[in-house]
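Each chain, letter by letter, is given below.
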Amino acid sequence: MRPLAVVVGLLVGCLLAEAAVRLYFAWSVGPRVLLYGTGWYRNTTGTDGSQPKTLTDDEARQAVAEWARDDSVERHGKALQGYTKFFPNELKTTQDPDSGERIPVRINGSGFRGADFAPTKAPGVVRVLTLGSSSTFGYYNPDDATYPVLMERALNAACGGTPRFEVINFAVPHATAEKVAAMFLAEGVALAPDAVTFYEGRNDSTLAADRGGPVERAYAVATRRLLLVALVDQLLVGERVSLTDPTLKFEPYAAERSGVFLGHVARILDAARARKIVFVAANQQATSRSPLPHDQEDRLKLKGVTYAQETGEIRRRLDRGERVSSFEYSLLVHQRLMQDLRQWAERERLPFVDVIDALDQDRHLLLSWVHLHPDANRVIATRFAEALQRQFCPAAR
């Protein structure tokens, strides 16, 4: 009976701890949190819970508080074959990283961000789909400051209205290249786009991006159902991952991740070429800092520190056997992905946008590890628009 009593005691203790965590976040965020992980909590699949993080206690609490909001763009619970997206016309918000105010986010009738669009393209319109994840979706940005919106304006201004461009934000937060490809094949090709742009990679670089065994899947489910597990995940998972673990050799690991990543991107290209859709690839500017936003003063520390300088310093530390964080290690993987993506685009003779170069002296415009300030969105929108002008606006060349 004694072992049974111990088990019962542990279960009771865990239930009490779960209740305490829910009550704390219900008080700080709202009573809706009490329904976290249940069928009444509509958006329960916004994050897979497996991404390794090394966060401070305050950052972890901040992350869980954001996930706990049912109106947060962190949560998109319409599960489809191989990906998730938003329900049509959901009421969503994101947070201004400086003021802390909630910013309304428009989710259209198709479950994507932005204005409604017709399934059938109008005559005389060049339709562009922007493929990607949260940085394309526009975390921390108002509806009128995402780079897809700014790209549409830039294209229509540069081309004088002939042809007319329609840019659809076809990105969903947390997506990897695999999910981006699944969504494009399932829904994107039916929209008959004339062009697609691709801007993603940081999600594919994380150390858990390729982990999908039964233990990992069970743990991912637990983080979505139990708020206590989600909080513990934020506090501890970054310390569990390999960092300088000798069993995780960097070169073969990075090569494997790159192969998986490019395999999914190639699926998008194959589908695009079969339909004569122009494919524009871009590398992605990123940093090894926390996925959560930083204040303006802290962001300024990145100004003038290039992507190559940051990754170079991390690599030197890793080679010396020093401990690096999971964010730092995954940025080195990201660097490999971006190098290989560029070489792949050159082999395939694709238009390529060098976003890393475009933002390299202004990396303080990264609000977090990959999310973009509106000023950065303007730069990216301009570079994508220039690439597309060469394809569709002969007079603007």
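The structure we're discussing is the one just above.
Calculation notes
- Residues numbered from 1 in each chain as written.
- Predicted model: local features only at pLDDT ≥ 70, side-chain atom pairs only at ≥ 80, totals over all residues.
- Heavy atoms only, no water.
- Salt bridge = Lys/Arg side-chain N within 4 Å of Asp/Glu carboxyl O.
- Helix = DSSP H or I, 4+ residues; strand = E, 2+ residues; numbered from the N terminus.
- Buried < 20%, exposed > 50% of the residue type's maximum accessible area, 1.4 Å probe, protein only.
- Axes fitted to C-alpha atoms, helices over the stretch in contact; angles between N-to-C directions.
- Parallel < 35°, antiparallel > 145°, perpendicular 65-115°, else oblique.
- Left-handed = near helix turned anticlockwise from the far one by under 90°.
- Contact = heavy atoms within 4.5 Å.
- Nonpolar A, V, L, I, M, F, W, Y, C, P; charged D, E, K, R; others polar.

J.: What's the story with the pattern of salt bridges in this structure? I'm lost.
T.: Oppositely charged side chains can pair when the atoms bearing their charge come close. Under the criterion given, the structure shown has 21 salt bridges. With its nearest N and O atoms 3.0 Å apart, the salt bridge here joins arginine 315 to glutamate 251. Here the residue arginine 315 occupies a position in helix α11 (residues 307-319), and glutamate 251 occupies one in helix α9 (residues 250-274), the gap between them amounting to 64 residues. Take arginine 315: its relative accessible area is 26%, and that puts it in the partly exposed class. Classification of glutamate 251 by relative accessible area gives partly exposed; the value is 39%. Taking the shortest distance from any N to any O, the salt bridge between glutamate 310 and arginine 363 comes out at 2.6 Å. You can see glutamate 310 sitting in helix α11 and its partner arginine 363 sitting in the loop between α13 (355-359) and α14 (374-392), a full 53 residues away along the chain. When its relative accessible area of 0% is taken as the criterion, arginine 363 is described as buried. Because the salt bridges share partners, they merge into one network encompassing Glu251, Arg315, Asp319, Arg336 and Asp340.

J.: Looking at this structure, how should I read the packing of helix α4 (residues 147-158) against α14?
T.: When two helices pack together, their arrangement is given by the angle between the helix axes and by the axis-to-axis distance. The interhelical angle for the contact between α4 and α14, taken along N-to-C directions, is 45 degrees, at an axis separation of 8 Å. When the axes of α4 and α14 are compared, the pair comes out oblique. Viewed along their axes, α4 and α14 form a crossing whose handedness is right-handed. For the pair formed by α4 and α14, the contact residues are Tyr147, Leu150, Met151, Ala154, Leu155 and Ala158 on the first element and Pro374, Asn377, Arg378, Ile380, Ala381, Phe384, Ala385, Leu388 and Gln389 on the second. Looking at the contact of α4 with α14 residue by residue, the classes come out as 12 nonpolar, 2 polar and 1 charged.

J.: Is there a simple way to think about the environment of phenylalanine 392 in this case?
T.: Along the chain, the position of phenylalanine 392 falls in helix α14. Sequence separation between phenylalanine 392 and aspartate 194 is 198 residues, and the spatial gap between their C-alpha atoms is 9.4 Å. In this view, phenylalanine 392 contacts Val126, Pro163, Phe165, Asp194, Ala195 and Val278; residues no more than four positions away in its chain are not counted.

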